[in-house]
Amino acid sequence: MLDGLDDIDWPRLGHAYGSATDVPDQLRALRSPDRRARQAALRGLFANIFHQGSRYEASAYAVPFLLELVADPATPDADSVLLLLTMLAVGYDERWVPDGFPVAEYRRAAEGGRELLAAKPSPWDGDDDEDEEEDVEYAYVESLTEEDQGRLWAYVELSAYDAVRAGVPLFRDLLAHPDPGMRLGAAYALAWFPEDAAGSLPALIAAADAAPEATEAATALVAAGLLGCAPDAGLLTDPRPQVRWAAAVGRARVLGVDADEPTAEELLRWAASAVRPQGDGPTVPFLDGDLAGYAGLSLRLLGPRHADRAFDALLNRLPAVGGEEALAVATEALRLAFPDGRLTAGTPPAALTPRQRRLVEALAHSPQPWLLDGRPFGNVAMLVADYGLPRSREALLAYAAG
């Protein structure tokens, strides 16, 4: 187990905190009999090779060992390791739903990045102190043009993605794992590898049909939709709410503006909902379990025909949600209300369209969307400001009052 781990020159690989010397011990600790040691190692890996969604040179090198751990039945907490692998591949999924992972765009963006990475100095040569080792890498990256920095980081992320992609056959096998957490994680992982859709779709469809729980069936159906297979229309009348949701989301993803009215109706019902009917077991992993938020995002795929009803549904939900859920709702509502983008500076409230005015009033009179765990949520403030509106609720109230 973990053969070859010490053959990697970890000190010369970089992660979020400089040299990746701590990664081998963290990987080994994932098999520790001590639960706290395993949790600390997993937290460490999320922090250094997946820091706030970023991937680093060391990330791709860690992936084969993480895959080995997931494949070993003796590995404890393997479902958590599987989630780390999925996030190393694509980052936070909020960037990619409802459209799916644009791997072709990533491959184009990464062209030339391999050479740029090869020219990057090592973060540590064994003699420099910690400050110097961080400065060497930072100075190199900062010396590049903005375009070359984009190529470099796109290649780093693509390297991690392709390293995880090597595990696709394993993920298909895990769809039949005895642990429901592993089955759920495997379906979620397969959703992000469209280049392997031909082999993954039959496995996902079979998994959805055989799933003993609605959460598993829904996850497999959404994954299939992201890979290009529309769920059967009959599932829109399934007695299980999560399955109906997944069928609508998957059909919207594949059929787009040609989606039928029952698909639109199901999405609209979910988009206006302020509850999470997930039950006590595992949650659907997409968008951190925010089914209503995912439905709201999927409405854009149906085109302008349903725009008015979509906007009404989002506005109905907005006052009742906060944090990341509010961010998803506000993103779509702002997109619908401001199709031309940012307001011209100095635009008076009287010049707003009726739809824009409704949204401004809803945001100004709804405290919840501006909060995350009871504290001001900067992401919503920045999103609102991106459209030329005041970046606080108090200022927006004053603006709405003229």
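Before any of the text, the structure's been laid out above.
Please read all numbers here as calculations on a predicted model, not as lab measurements.

This next bit is on the overall build of the chain. A count of helices and strands for the chain gives 20 helices and six strands. Whereas a compact globule of 402 residues would reach a radius of gyration of roughly 21 Å, the chain reaches 23 Å, a difference of no more than 12%. Taken over the C-alpha atoms alone, the chain extends approximately 65 × 55 × 40 Å along its principal axes. Residue burial in the chain is summarised as follows: out of 402 residues, 52% are buried. Expressed as a percentage of contacts within the chain between residues at least 6 apart in sequence, the contacts between residues at least 24 apart total 69%. Accessible surface, the chain as shown: approximately 17900 Å² in total, 52% of it carbon and sulfur.

Another point: unusual backbone geometry. Following Val-97, the chain continues into Pro-98 via a peptide bond in cis, with omega recorded as 10°. Within the element layout of this structure, Pro-98 appears in the loop between helix H4 (78-90) and helix H5 (103-109). Of note, Gln-52 is a non-glycine position whose phi angle comes to about 50°, a positive value. Following the sequence through the fold, Gln-52 ends up in the loop between strand S3 (50-51) and strand S4 (54-55). Relative accessible area serves as the criterion here: at 66%, Gln-52 is assigned to the exposed category. Even without being a glycine, Asp-77 presents a positive backbone phi close to 55°.

To continue, consider the nonpolar core. Within the largest apolar cluster, 131 residues are counted, with the highest numbers of intra-cluster contacts made by Trp-10, Leu-27, Phe-171, Trp-192, Trp-245, Phe-286 and Leu-359. Not counting residues up to four positions away in its chain, the partners in contact with Phe-171 are Leu-67, Leu-82, Val-164, Ala-186, Ala-189, Leu-190 and Phe-193. If you look at the next biggest cluster of nonpolar residues, it comprises seven residues, including Tyr-140, Leu-144, Leu-152 and Val-156.

For Lys-120, the position within the fold is in the loop between helix H6 (113-118) and helix H7 (130-143). According to the relative accessible area criterion, Lys-120 is buried, its value standing at 13%. Polar contacts involving the side chain of Lys-120 include one to the side chain of Glu-57, which spans 3.0 Å. Apart from residues lying up to four places away in sequence, Lys-120 is in contact with Glu-57, Glu-137 and Tyr-140.

The geometry of H4 relative to helix H10 (residues 180-190) is characterised by a closest axis approach of 9 Å and an angle of 10° between their N-to-C directions. The orientation of H4 with respect to H10, classified from their angle, is roughly parallel. Touching Ala-78, Asp-79, Leu-82, Leu-83 and Thr-86 of H4 are Gly-181, Met-182, Gly-185, Ala-186, Tyr-188 and Ala-189, all from H10. Taken together, the residues of the contact of H4 with H10 break down into seven nonpolar, three polar and one charged.

This paragraph deals with helix H18 (residues 354-364). For H18, the complete set of buried residues consists of Gln-356, Leu-359, Val-360, Ala-362, Leu-363 and Ala-364. Those residues of H18 that are buried are in contact with helix H16 (307-317), helix H17 (323-337), helix H19 (378-386) and helix H20 (393-400).

What follows deals with the layout of surface pockets. Here the largest pocket defines a volume of roughly 960 Å³. For the largest pocket, the lining is made up of 39 residues, of which Asp-93, Tyr-188, Pro-285, Leu-287 and Asp-288 are closest to its centre. Among the secondary structure elements, those contributing two or more residues to the lining of the largest pocket are helix H2 (35-48), H4, H10 and H17. Ranked by residues supplied to the lining of the largest pocket, first place goes to H4 with six residues. Here the second largest pocket is characterised by a volume of approximately 330 Å³. Contributing to the lining of the second largest pocket are 17 residues, with His-15, Tyr-56, Glu-137, Tyr-138 and Trp-153 lying nearest its centre. Only strand S1 (14-15), H7 and helix H8 (146-165) provide two or more residues apiece to the lining of the second largest pocket.

With that out of the way, let us pick up the pattern of salt bridges. Across all of its chains, the model carries 27 salt bridges by this definition. Of the charged contacts in the structure, one is a salt bridge between Glu-57 and Lys-120, with a shortest N-O distance of 3.0 Å. Here Glu-57 is found in helix H3 (residues 57-71), whereas its partner Lys-120 is found in the loop between H6 and H7, with 63 residues between them in sequence. By relative accessible area, Glu-57 is classed as buried at 17%.

A few words on the environment of Val-380. Counting through the fold element by element, Val-380 comes out in helix H19. For Val-380, the residues in contact, after removing those within four places along its chain, are Leu-327, Pro-369 and Trp-370.

Thresholds, definitions, all that
Residues numbered from 1 in each chain as written. Predicted model: local features only at pLDDT ≥ 70, side-chain atom pairs only at ≥ 80, totals over all residues. Heavy atoms only, no water. Helix = DSSP H or I, 4+ residues; strand = E, 2+ residues; numbered from the N terminus. Rg over C-alpha atoms; globule rule 2.2 N^0.38 Å. Buried < 20%, exposed > 50% of the residue type's maximum accessible area, 1.4 Å probe, protein only. Contact = heavy atoms within 4.5 Å. Areas by Shrake-Rupley, 256 points an atom, 1.4 Å probe, with all protein chains shown as cover. Core = buried A, V, L, I, M, F, W, Y, C linked by side-chain atoms within 4.5 Å. Polar contact = N/O pair within 3.5 Å; in protein donor to acceptor, adjacent residues only side chain to side chain. Axes fitted to C-alpha atoms, helices over the stretch in contact; angles between N-to-C directions. Parallel < 35°, antiparallel > 145°, perpendicular 65-115°, else oblique. Nonpolar A, V, L, I, M, F, W, Y, C, P; charged D, E, K, R; others polar. 1 Å grid on protein atoms, 1.4 Å probe; cavity = no way out; pocket = protein on both sides within 12 Å on 5 of 7 lines; lining within 4 Å. Points joined across faces, edges and corners; volume = space filled by probe spheres on them. Salt bridge = Lys/Arg side-chain N within 4 Å of Asp/Glu carboxyl O.

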